[in-house]
Amino acid sequence: MQFAHAGLASPEYYVPGLPVDHVAARYGLDPAEIAKLGSAENPFGPSPKAREAVAAALDRLHLYPSWTAEPLREAIAELAECEPAEVICGAGETEIISLIIRAFAPEGGRILMPGPCFPIYHLFAEGEGRLPVLAQAATDRSTMALDVDGYLDHLTEDTRIVFVTNPNSPSGTWLTEGDVRRIVEAAPQALVVLDEAYVHYSDTPGHLHLARDYEHLAVLRTFSKAFGLAGLRIGFGVAARPIVDALLAVKTTWNLGQLQIDGAIAALGDDEHVRRTVDTIVASRAYVQDRFEDLDRFRMVPGSRSNFFLVEILDPDTDSTRVFDGLLERGVIVKDGSVSFRGLDDRFLRVDVNVKEHMDRLVSALADLP
Ligand SMILES: Cc1ncc(COP(=O)(O)O)c(C=O)c1O
């Protein structure tokens, strides 16, 4: 078999957080008692307005949707104060990331990303035969935050794409507008991709407006998190028109269906759902930070502005896989750092912030581990 490049002969895939049913069946647990803290989903479910709009769209399933998702582009353009032609919509942010890699890095082209980072960046880069460069030295181990100067040291003249995730993943740490601008301005030869998947939890408006200031910046967001629509698959990017035009040329023509388009438009108008979600997560984040004071073998890595945080394992006699397995047995699903994130080692877990009841389950289970 001839593959387009050698990497496709032994590909690596994304490792998602485990589903509740799987864990309930494996350990004989009541699904209602399981804390699912490995996928950063919305604890309150989908936006009710989106659910209604999706139901109403069922009558139009026989019709092709707009191939550019035009009505959604218009709604996003209003939010971003830009033209609809400066918006690209995709089946989740992940699809837009794949389009960017295809359109802006040639085969073998260097793509810079923090190490650790959202694994999709390097998995897609490798899947497409591009060269991911994980800047591991630019992550400060005590905070797991990105050191901007260290990151910029990895830039080369032939870097074609630079990923910046804000809030960062998996640390949840935050970069100021000045830091984001510094990265964008240092990389005029590249397309800078600012991934704001978790921006709602930062309790700031984020940096969508920067897409108007720079011709080589794309700002990406998702409907999977604060809007609660991970199962519907919708994301978007805002960028200068030549960038969007190129992405339109490489995307599958009808990449979003009618349900996604109508659901997303309704979700954008559901401030109440977003506010309830954000308020709960922000309060729970402070709550769980206090609860971690009771633990001496684990440390909550401080500074998360997201709906997840890193736990550092201080006990040298155990590791992330043993802790991960021990938590599963106790009905708590998290992410094992050594398995889910390249560049993170066996001293770390990534854990979602969720309702206080689940945070209590997490802390009790950690305290109960042998
Ligand atoms: C940093 C980051 N970006 C983007 C996404 C993609 O979200 P989606 O494809 O669901 O829009 C995720 C999802 O986990 C993420 O963690």
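Keep in mind that what you see is a predicted model, and the values were worked out from it rather than measured. (Residues numbered from 1 in each chain as written. Predicted model: local features only at pLDDT ≥ 70, side-chain atom pairs only at ≥ 80, totals over all residues. Heavy atoms only, no water.)

Enquirer: Just give me the short version of the environment of Val-339, but keep the residues and values in it.
Expert: Turning to its location among the elements, Val-339 is positioned in helix α13 (residues 337-340). For the pair Val-339 and Ser-320, spaced 19 residues apart in sequence, the C-alpha to C-alpha distance is 8.9 Å. (Helix = DSSP H or I, 4+ residues; strand = E, 2+ residues; numbered from the N terminus.)

Enquirer: Could you give an account of the sheet that holds strand β12 (residues 335-336), naming the residues involved and the relevant values?
Expert: A sheet is described by the order of its strands in space; here four strands give the open sequence β9-β10-β13-β12, paired in antiparallel fashion. Of all strands in the sheet, those with a lone pairing partner are β9 (298-300) and β12, marking the two edges. Bridge count for β12 against strand β13 (residues 348-352) is two bridges, and the pairing is antiparallel. Among the inter-strand pairings, Lys-335 is bridged to a residue of β13, identified as Arg-350. Its contacts with the sheet place helix α12 (residues 320-329) against β9, β10 (308-313), β12 and β13, and it is angled at close to 35° to β13. (Pairing = 2+ DSSP bridges. Contact = heavy atoms within 4.5 Å. Axes fitted to C-alpha atoms, helices over the stretch in contact; angles between N-to-C directions.)

Enquirer: I'd love a proper account of the side chain of Arg-361, names of residues and values included.
Expert: Relative to the assigned elements, Arg-361 resides in helix α14 (residues 356-368). Assessed through its relative accessible area of 19%, Arg-361 is described here as buried. Separated by 3.1 Å, the side chain of Arg-361 and the backbone oxygen of Glu-33 make a polar contact. (Buried < 20%, exposed > 50% of the residue type's maximum accessible area, 1.4 Å probe, protein only. Polar contact = N/O pair within 3.5 Å; in protein donor to acceptor, adjacent residues only side chain to side chain.)

Enquirer: An account of the packing of aromatic side chains is needed here, citing residue identities and associated values.
Expert: Given two aromatic rings, one states the distance between the centres and the angle between the planes to describe the pair. For the structure shown, the criterion picks out eight aromatic pairs. Judged by centre distance (4.0 Å) and plane angle (5°), the rings of Tyr-121 and Phe-163 are stacked. With Tyr-121 in helix α5 (residues 120-127) and Phe-163 in strand β5 (residues 159-165), the pair connects residues that are 42 residues apart, well separated along the chain. Summarising the burial analysis for this pair, Tyr-121 and Phe-163 share the class buried. Considering the side-chain rings of Phe-292 and Phe-309, the 5.8 Å spacing of their centres and the 90° angle between planes classify their relative orientation as edge-to-face. In this pair, Phe-292 sits in the loop between α11 (271-291) and β9 while Phe-309 sits in strand β10, placing the two residues 17 residues apart along the sequence. With respect to class, Phe-292 is no different from Phe-309; both count as buried. Ring pairs connect the aromatic residues Tyr-14, Phe-118, Tyr-121 and Phe-163, which therefore count as one cluster. Above the face of the Phe-44 ring, Arg-276 is positioned so that its terminal group lies 3.7 Å from the ring centre. Its guanidinium or amino end placed over the ring of Tyr-287, Lys-356 lies 5.3 Å from that ring's centre, counting from NZ or CZ. (Phe/Tyr/Trp six-rings, centres within 6.5 Å; stacked < 30°, edge-to-face > 60°. Lys NZ or Arg CZ within 6 Å of the ring centre and 35° of its normal.)

Enquirer: I'd like a description of unusual backbone geometry, backed by residues and values.
Expert: In this structure, the amide linkage connecting Gly-115 to the following residue, Pro-116, adopts the cis form with an omega of 0°. At the junction of Ser-169 and Pro-170, the peptide bond is cis and its omega measures out at 10° in the coordinates. Along the polypeptide, Pro-170 turns up in the loop between β5 and α7 (177-186). Phi is positive for Arg-233, which is not a glycine, with a value near 70°. In this structure, Arg-233 sits in the loop between β7 (217-222) and β8 (235-239).

Enquirer: I'd love a proper account of the environment of Arg-182, names of residues and values included.
Expert: Turning to its location among the elements, Arg-182 is positioned in helix α7. In this structure Arg-182 comes out as partly exposed when scored by relative accessible area, which is 35%. With near-sequence residues (within four places) excluded, Arg-182 lies in contact with Val-148, Asp-149 and Leu-152.

Enquirer: Describe in detail the pattern of salt bridges, supporting the description with residues and values.
Expert: Enumeration over the complete set of coordinates arrives at 25 salt bridges. Residue Arg-241 pairs with Asp-245 through a salt bridge whose shortest N-O separation is 3.6 Å. Separated by four residues within a single helix, Arg-241 and Asp-245 lie in helix α9 (residues 241-250), roughly one turn from each other. Residues joined by salt bridges that share partners form a network here, namely Glu-12, Glu-126 and Arg-342. (Salt bridge = Lys/Arg side-chain N within 4 Å of Asp/Glu carboxyl O.)

Enquirer: Quick rundown of the sheet that holds β5? Include the residues and the values.
Expert: Note on sheets: strands pair through backbone hydrogen bonds, and any given pair is parallel or antiparallel. Taken in spatial order, the seven strands line up as β2-β8-β7-β6-β5-β3-β4 in an open sheet, and their pairing is mixed. Every interior strand has two partners, whereas the edge strands, β2 (87-90) and β4 (131-135), have only one. For this sheet, the mean inter-axis angle between neighbouring strands, taken without regard to orientation, is 20°. Where β7 meets β8, five bridges bridge the pair, whose relative direction is antiparallel.

Enquirer: Could you give an account of the site of the ligand, naming the residues involved and the relevant values?
Expert: Around the ligand sit Gly-92, Glu-93, Thr-94, Phe-118, Thr-165, Asp-195, Ala-197, Tyr-198, Thr-222, Ser-224, Lys-225 and Arg-233, and those are all the residues in its vicinity. Within the side chain of Ser-224, one N or O atom sits 2.6 Å away from an oxygen atom of the ligand. Out of a free accessible area of 400 Å², the ligand has 93% covered by protein chains. Looking at the shell around the ligand residue by residue, the classes come out as three nonpolar, five polar and four charged. (Near = heavy atom within 4 Å. Areas by Shrake-Rupley, 256 points an atom, 1.4 Å probe, with all protein chains shown as cover. Nonpolar A, V, L, I, M, F, W, Y, C, P; charged D, E, K, R; others polar.)

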